[in-house]
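# Per-entry structural report
One letter stands for each residue in the lines below.
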Amino acid sequence: MDEDFDVVVLGSCIMDFISYVPRLPQVGETIHGSKFATGFGGKGANQCVAAARLGSRCVMVGKAGQDSWGIEYRDHLQREGVDITHFGLIDGQSTGIAQINVSVSDGANHIVIVVGANNSLSVPDAEAAAAKFPRARVLVCQLETPVDATIRALELFSGVSILNAAPALENTHRKLIELPTILCVNESEAAIMTKLPVNTVQQAKNVIRELQKMGANTVIITLGSNGAVFCEKSSSTCIHVKISPMDNVVDTTGAGDAFIGALAHLLAKLGQQTVSLGQLVGAACEIASMSVKLPGTQSSFPKILDYESTILTKTYNLQEI
């Protein structure tokens, strides 16, 4: 009997090369760092591992190079319990890499990525992976891999789909806006997509309305330490999910991916129950907040196998705006 899955992720796998610095350098400035580390990253794999660590049965659809980093990444995904049937190693191409500077004073970061083999993820790959779609509850996509493969996956998936439209595109393809069940972006990504400012909660609400005018269904804008704002397609009300102030922030790298992975996990586990989206977004914000208190990307993602049972009774700070 074929196995059922909770979450399928189509997206990027990137090795992180992380430098910890006293502050982020200015243009043209050279500064001394205090520590260097490597880690496993890429928005797709980050979100997949975040969901797997919370207890979801996950499939990773992605590409890496036929090099030492790609082999190490494949083995890492297996150790995390991720199905790698549709994870391929490409000969003659390098595994994607990210150069990351993290400020030790406040956890802020600068990131430059070179996607490498991720550019080989294709429409046929999405169509091959579709064999698992009927047995999965949630599909997650991003924009670090070719758009045509992402669009094809969204077209073929009949369940709940999440598009994390990052990195943002100034002229976003119409289908990327219209196809996903949930479109999720942060403030800067939302501003790029709509050419509108997102500096306040009220502006976030205005941008959500603009995205819905463009054809989006449910929209979530994450606001970092200010929580998130969302509006469901069927509702005329936008909700601000407020979170408690965070102390001891160490590294914000990957917090947005922790949010997406947690949201996918919770939707897969609780999507058939009468749990409001506000509760799920609140729980995802809380899990993302946990990740910023530890260094690294995937290494900071929490392992809370029974977390979904606690959100049924927990009260989150949800305010209509």
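Structure first, text after, so check above.
Here the structure is a predicted model, which means the values were calculated and not measured. (Residues numbered from 1 in each chain as written. Predicted model: local features only at pLDDT ≥ 70, side-chain atom pairs only at ≥ 80, totals over all residues. Heavy atoms only, no water.)

So, about the sheet that holds strand β7 (residues 109–114). The sheet built from four strands is open, its strands ordered β3-β2-β6-β7 with mixed pairing. Unpaired on one side and paired on the other, β3 (35–41) and β7 mark the two borders of the sheet. For this sheet, the mean inter-axis angle between neighbouring strands, taken without regard to orientation, is 20°. Two elements, strand β2 (residues 14–21) and strand β6 (residues 96–103), share eight bridges in a ladder whose sense is parallel. Its bridge partner lying in β6, Met15 is registered against Ile97. Across the face of the sheet, helix α2 (residues 68–79) comes into contact with β2 and β3 while running at roughly 65° to β3. (Pairing = 2+ DSSP bridges. Helix = DSSP H or I, 4+ residues; strand = E, 2+ residues; numbered from the N terminus. Axes fitted to C-alpha atoms, helices over the stretch in contact; angles between N-to-C directions. Contact = heavy atoms within 4.5 Å.)

Our focus in this paragraph is helix α8 (residues 255–270). For α8, spanning 16 residues, the distance from its first C-alpha to its last is 22 Å, which sits close to the expected 22 Å at 1.5 Å a residue. Buried residues dominate α8, accounting for 14 of its 16 residues. (Expected span 1.5 Å × (residues − 1). Buried < 20%, exposed > 50% of the residue type's maximum accessible area, 1.4 Å probe, protein only.)

Of note, Val49 is situated in helix α1 (residues 43–53). With 167 residues separating them in the primary sequence, Val49 and Ala216 have C-alpha atoms 27 Å apart.

Glancing now at the sheet that holds strand β11 (residues 218–222). What the ten strands build is an open sheet, ordered β5-β4-β1-β8-β9-β10-β11-β12-β13-β14; its pairing is mixed. For this open sheet the edge positions go to β5 (87–90) and β14 (317–320), each flanked by a neighbour on one side alone. Direction aside, the axes of adjacent strands within the sheet are offset by 20° on average. Alignment of strand β8 (residues 136–141) against strand β9 (residues 160–164), held across four bridges, turns out to be parallel. From the neighbouring strand, Val140 faces β9, where its bridge partner is Ile162.

For the rest of this paragraph, the subject is the pairing of strand β12 (residues 228–231). What you see with β12 is no split at all: Ala228 and Phe230 on one side and Val229 and Cys231 on the other are buried throughout. As defined by bridge partners, β11 adjoins β12 across four bridges and the pair is classed as antiparallel. Pairing of Thr222 across the sheet is with Ala228, part of β12. Two successive antiparallel strands, β11 and β12, enclose a turn made up of five residues, where Gly224 displays a positive phi of approximately 60°. Sheet topology places β12 next to strand β13 (residues 239–242); three bridges connect them, and they run antiparallel. Paired with Ala228 across the strands is Val241, a residue of β13.

One full turn of an α-helix is made of 3.6 residues, so residues set three or four places apart face in the same direction. Here helix α7 (residues 201–213) contains 13 residues, and its C-alpha end-to-end distance of 19 Å stays within 8% of the 18 Å for a straight helix at 1.5 Å per residue. Taken as a whole, α7 has its buried residues at Val201, Ala204, Lys205, Val207, Ile208, Leu211 and Gln212. Taken down its axis, α7 places every buried residue within 165° of arc, on the same side. In the core, the buried residues of α7 are packed alongside α5 (174–178), β10 (182–186), α6 (187–194), β11, β12 and β13. With its phi angle positive at about 115°, Gly215 sits one or two positions after the end of α7. (Arc of directions from axis to C-beta.)

Moving on, we get to the side chain of His76. Counting through the fold element by element, His76 comes out in helix α2. Setting aside residues up to four positions removed in sequence, His76 forms contacts with Phe40, Val49 and Gln298.

Right, let's talk about the pattern of salt bridges for a bit. Taken as a whole and judged by the stated rule, the model has 13 salt bridges. Among the salt bridges present, the one from Glu80 reaches Arg53, with a minimum N-O distance of 2.8 Å. In this pair, Glu80 is assigned in the loop between α2 and β5 and Arg53 in helix α1, connecting sequence segments 27 residues apart. Across the pair, Arg53 and Glu80 agree in class, each one buried. The shortest N-O distance in the salt bridge between Lys63 and Asp125 comes to 3.3 Å. Taken together, the positions of Lys63 in strand β4 (residues 58–65) and Asp125 in helix α3 (residues 123–129) put the pair 62 residues apart, joining distant regions of the chain. Looking at Asp125, the relative accessible area reads 17%, which means it is buried. (Salt bridge = Lys/Arg side-chain N within 4 Å of Asp/Glu carboxyl O.)

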